[in-house]
Amino acid sequence: MNGLFTILMLLVANVFMTLAWYGHLKLQEMKISTSWPLILVILFSWGIALFEYMFQVPANRLGFKENGGPFSLVQLKVVQEVISLVVFTVIAMFMFKNESFHWNHVAAFVCLILAVYFVFME
């Protein structure tokens, strides 16, 4: 059960992370934040990132083997990176209509799946 909760919290954390890192670009595209000084954009992103950390840190603690979770440190990191890239891709496809999905993106995801397979191999 810790593994499932870890993955769910990582999903939520990565939604916030993606919005913190790239949401301000959407606001700029929508002409909402074009006049904001950079420090305000940074503070805005930090405000969103706070929620990322509220899910990311507990997810890592819960999922880590040393704390009774199912994942080694390397496994936890690889799972987090895969979730991060999947979440980013989904959000980018919906938020940024000028971004498109190409065959090389599919190839990259296949490589990520292989990375997960190899990191979990005994």
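Here the residue numbering is sequential within each chain, running from 1 through the sequence in written order. With pLDDT at 70 or above as the cut-off, local features in this predicted model cover only qualifying residues; side-chain atom pairs require 80 or more to be listed or tallied, and sums for whole chains, interfaces and linings still use all residues. Hydrogen atoms and water are omitted, and side-chain values are computed over all heavy atoms in the structure.

A few points about the nonpolar core
Consideration 1: Buried Ala, Val, Leu, Ile, Met, Phe, Trp, Tyr and Cys residues that are joined via side-chain atoms within 4.5 Å together make up what is termed a nonpolar core. For every residue, the accessible area obtained with a 1.4 Å probe (protein chains only) is divided by the maximum for its type, and the residue is called buried under 20%, exposed over 50%, and partly exposed between those limits. Residues Met 9, Leu 10, Ala 59, Val 79, Ile 83, Val 87, Ile 91, Met 95 and Phe 96 constitute the largest nonpolar core, which totals nine residues.
Consideration 2: At the level of secondary structure, the elements contributing two or more residues to this core comprise helix H1 (2–29) and helix H3 (73–95).
Consideration 3: The numbering of helices and of strands both runs from the N terminus, where a helix is a DSSP run of H or I of at least 4 residues and a strand a run of E of at least 2. With five residues, the top contributor of residues to this core is H3.
Consideration 4: Contacts are residue-level and defined by heavy atoms, with any inter-residue pair within 4.5 Å sufficient. Residue contacts for Val 79: discarding those within four places in its chain leaves Ile 7, Leu 10 and Phe 120.

Thoughts on helix H2 (residues 38–63)
Consideration 1: By this rule, a helix spans an expected 1.5 Å times one less than how many residues it contains. In this model H2 runs 36 Å from its N-terminal to its C-terminal C-alpha over 26 residues, within 8% of the 38 Å that 1.5 Å per residue would give.
Consideration 2: Bend at a residue means the angle formed by two fitted axes: the first through the 7 residues ending at that position, the second through the 7 residues beginning there. Within H2, the axis deviates most sharply at Glu 52, by approximately 25°.
Consideration 3: Those residues of H2 that fall on the buried side of the exposure criterion are Val 41, Ser 45, Ile 48, Ala 49, Glu 52, Gln 56, Ala 59 and Gly 63.
Consideration 4: The inward-facing, buried residues of H2 abut H1 and H3.

Quick word on unusual backbone geometry
Consideration 1: At Lys 31, a position not held by glycine, the phi torsion is positive, near 65°.
Consideration 2: Structurally, Lys 31 is set in the loop between H1 and H2.

Quick word on the environment of Asn 67
Consideration 1: For Asn 67, the location among the structural elements is in the loop between H2 and H3.
Consideration 2: Judged by relative accessible area, which is 45%, Asn 67 ranks as partly exposed.
Consideration 3: Distance from Asn 67 to His 24, taken between C-alpha atoms, is 36 Å for residues 43 residues apart in sequence.
Consideration 4: Polar contacts, as used here, are pairs of N or O atoms within 3.5 Å; protein pairs need one atom able to donate a hydrogen and one able to accept it. Residues neighboring in sequence count only if both atoms are side-chain atoms. From its side chain, Asn 67 meets the backbone oxygen of Arg 61 in a polar contact 3.1 Å long.

Here we look at the packing of aromatic side chains
Consideration 1: Classification of ring pairs rests on two measures: the distance between centres of Phe, Tyr or Trp rings, Trp counted by its six-membered ring, which must be within 6.5 Å, and the angle between planes, read as stacked under 30 degrees, edge-to-face over 60 and tilted in between. Taken as a whole and judged by the stated rule, the model has seven aromatic pairs.
Consideration 2: The interplanar angle of 65° and the centroid separation of 5.5 Å between the aromatic rings of Trp 36 and Phe 44 together place this pair among those described as edge-to-face.
Consideration 3: Given a relative accessible area of 31%, Phe 44 falls into the partly exposed group.
Consideration 4: By the ring-pair criterion, three or more aromatic residues cluster together here, those being Phe 16, Phe 51 and Phe 55.
Consideration 5: Seen from the ring of Phe 96, Lys 26 lies directly overhead, with NZ or CZ sitting 5.9 Å from the centre. Working rule: Lys NZ or Arg CZ, within 6 Å of ring centre, within 35 degrees of ring normal, means a charge sits over the ring.

Side note on the packing of H3 against helix H4 (residues 103–119)
Consideration 1: Fitting a line to C-alpha atoms yields each axis, with helices limited to the stretch in contact; the angle taken between N-to-C directions then spans 0 to 180 degrees. Two elements in contact, H3 and H4, have axes separated by 9 Å at closest approach and are oriented at 160°. Our classification of the angle between H3 and H4 gives roughly antiparallel. Between H3 and H4 lies a crossing whose hand is left-handed. Contacts between H3 and H4 involve Val 74, Gln 75, Val 78, Val 82, Leu 85, Val 86 and Thr 89 from the first element and Phe 109, Leu 112, Ala 115, Val 116 and Val 119 from the second. An angle below 35 degrees is read as roughly parallel, one above 145 as roughly antiparallel, one from 65 to 115 as roughly perpendicular, and any other as oblique. A crossing counts as left-handed when the near helix is turned anticlockwise from the far one by less than a right angle, and as right-handed when that turn is clockwise.

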